[in-house]
Amino acid sequence: MKELSLQLLCPSFIPWFVGLGQAWVINRVYTSLEALNLAVAYGFSAITVKTDTGDYALGVVYSVDSSGYRLLEFPEPGNDWIRVTAKVFAVPADKLSKMFKKAVLEPFSERTGDLRRRGATCWGRNRYTCLLSTGLNMEFSLEYLFLAVKCSDNAVKVESLELFDQLVDSLRYPIHALARYIAEVGEETEATLNYLLYRIDKSIIAFISDFIIRGKLVLPKIRDLESLINYVRSHYKWWSK
């Protein structure tokens, strides 16, 4: 298991980056979400890594409330999972639910079925608790990840812009699902929802650009904020700002 943990160390950037991005963006627009009766948001960000010994879910969990956001430190390794880093775990994909139940990490341990579906689920009458999930839709072989993601001491280089597009979509979709759900339940106007989605998208670009500007994320042909915006405008239909 130690060897597997080392093999997954660099690929663990993917769910970590997406989870951190979601938590950061939700925190940035939290006041607007709170006005729509959000109390706390929990999140699950993961990818499926296919190895010679089986498929593994590689992921992180986080929470966001009025006090701020944080990636949750997962409990010590058990028989069914390993800690790749303090915040990233790996578990055989078919034992994901079992792991959360053993770890007793609420609300994840109570809503394991929701973790496999991409989107947002909310409950509560007046103030909502919501669970966001990327699902396990992003599937990669370990060999592909070795080629597509390179790590150094200070930066991660994503060699494929196709993979970068997947990261952006995985980061964005559950937050949009959250905003749409609580806006529709609250019978908000379309203008209110659209403005919230606009703020979310701007925050996503701000999060990514910070990594690029500080040299923490290296992408082909995207070296600064201007080249990032040009890429987003030309490749993503949702960005028209």
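Up top you'll find the structure we're talking about.
Before going into details, it helps to say that this report is about the structure given with it. Computed from a prediction, not measured in an experiment: that's the story for all the values here.

Looking now at the sheet that holds strand β11 (residues 217-218). Spatially, the 3 strands line up as an open sheet ordered β9-β10-β11, and their pairing is mixed. The open sheet is flanked by β9 (149-151) and β11, the only strands paired with a single partner.

For the rest of this paragraph, the subject is the packing of helix α2 (residues 13-28) against helix α7 (residues 161-185). Following both chains from N to C, one finds α2 and α7 inclined at 35°, their axes separated by 10 Å at the closest point. Considering how the two elements wind past one another, α2 and α7 form a crossing that is right-handed. Each of I14, F17, V18, G21, Q22, V25 and I26 in α2 lies in contact with α7, whose residues at this interface are L163, L167, S170, L171, P174, I175 and L178. Per-class residue counts for the contact of α2 with α7 are 11 nonpolar, 3 polar and no charged.

The next point concerns helix α4 (residues 96-103). Taken together, the buried positions of α4 are L96, M99, F100 and A103. The buried residues of α4 occupy an angular sector of 95° when the element is viewed end-on, so they sit on one face. Each element contacted by the buried residues of α4 is listed here: β1 (38-51), β2 (54-65), β5 (89-92) and α5 (112-115). V104, located one to two residues past α4, shows a positive phi value of around 50°.

The tally for this structure, following the rule as stated, stands at 2 disulfides. With a sulfur-sulfur separation of 1.9 Å, C10 is cross-linked through a disulfide to C151. One quick way to see it: the torsion about the S-S bond of C10 and C151 is about 90°, and its sign makes the bridge right-handed. Taken together, the residues C10 in the loop between α1 (2-7) and α2 and C151 in strand β9 connect sequence positions 141 residues apart.

A separate point is the pairing of β1. Counting buried positions along β1 yields 11 of 14 residues, so the element is predominantly enclosed. Sheet topology places β1 next to strand β7 (residues 128-133); 6 bridges connect them, and they run parallel. Looking at the pairing, L38 lines up with Y128 of β7. Note that β1 and β2 share 11 bridges and pair antiparallel.

Quick look at the side chain of T48 now. Relative to the assigned elements, T48 resides in strand β1. At 3.3 Å, the side chain of T48 and the backbone oxygen of L136 are in polar contact. If we skip the residues at most four places from it in the chain, T48 touches D55, Y56, L136, M138, E139 and F140.

The next thing to look at is the pattern of salt bridges. If you walk through the whole model with that rule in mind, you get 10 salt bridges. Here E139 makes a salt bridge to K50, at a shortest N to O gap of 3.9 Å. Of this pair, E139 sits in strand β8 (residues 139-141) while K50 is found in strand β1, placing the two residues 89 residues apart along the sequence. Residue K50 is classed as partly exposed on the basis of its relative accessible area of 34%. In this structure, D114 and R111 form a salt bridge, with 3.0 Å as the shortest nitrogen-oxygen distance.

Attention now goes to helix α8 (residues 190-213). The periodicity of an α-helix, 3.6 residues per turn, causes residues three or four places apart in sequence to face the same way. Helix length check: α8 (24 residues) gives 34 Å between terminal C-alpha atoms against 34 Å at 1.5 Å per residue, within 8%. A positive phi of about 75° marks G215, the residue just after α8.

This paragraph deals with the pairing of strand β3 (residues 68-71). Inspection of the sheet shows β2 paired to β3 by 4 bridges, in the antiparallel sense. Bridge pairing in β3 places S63 opposite R70. The loop that links β2 with its antiparallel partner β3 comprises 2 residues.

Moving on to the side chain of H176. With respect to the element layout, H176 can be found in helix α7. For H176, a relative accessible area of 8% puts it in the buried group. In this structure, H176 is in contact with L197, I200 and D201, ignoring residues within four places of it in sequence.

Our next topic: the packing of aromatic side chains. For the coordinates displayed, the defined rule picks out 17 aromatic pairs. A ring pair is formed by W16 and F211, whose centres lie 6.1 Å apart and whose planes are at 70°; its orientation type is edge-to-face. Taken together, the residues span a long stretch of sequence, with W16 in helix α2 and F211 in helix α8 at a distance of 195 residues. Since its relative accessible area comes to 6%, F211 is described here as buried. Ring centres 5.9 Å apart and planes at 90° place the aromatic pair Y231 and Y236 in the edge-to-face group.

What counts, and at which threshold
Residues numbered from 1 in each chain as written. Predicted model: local features only at pLDDT ≥ 70, side-chain atom pairs only at ≥ 80, totals over all residues. Heavy atoms only, no water. Pairing = 2+ DSSP bridges. Helix = DSSP H or I, 4+ residues; strand = E, 2+ residues; numbered from the N terminus. Axes fitted to C-alpha atoms, helices over the stretch in contact; angles between N-to-C directions. Left-handed = near helix turned anticlockwise from the far one by under 90°. Contact = heavy atoms within 4.5 Å. Nonpolar A, V, L, I, M, F, W, Y, C, P; charged D, E, K, R; others polar. Buried < 20%, exposed > 50% of the residue type's maximum accessible area, 1.4 Å probe, protein only. Arc of directions from axis to C-beta. Disulfide = S-S within 2.5 Å. Polar contact = N/O pair within 3.5 Å; in protein donor to acceptor, adjacent residues only side chain to side chain. Salt bridge = Lys/Arg side-chain N within 4 Å of Asp/Glu carboxyl O. Expected span 1.5 Å × (residues − 1). Phe/Tyr/Trp six-rings, centres within 6.5 Å; stacked < 30°, edge-to-face > 60°.

By themselves, these are just geometric observations and shouldn't be taken as functional.
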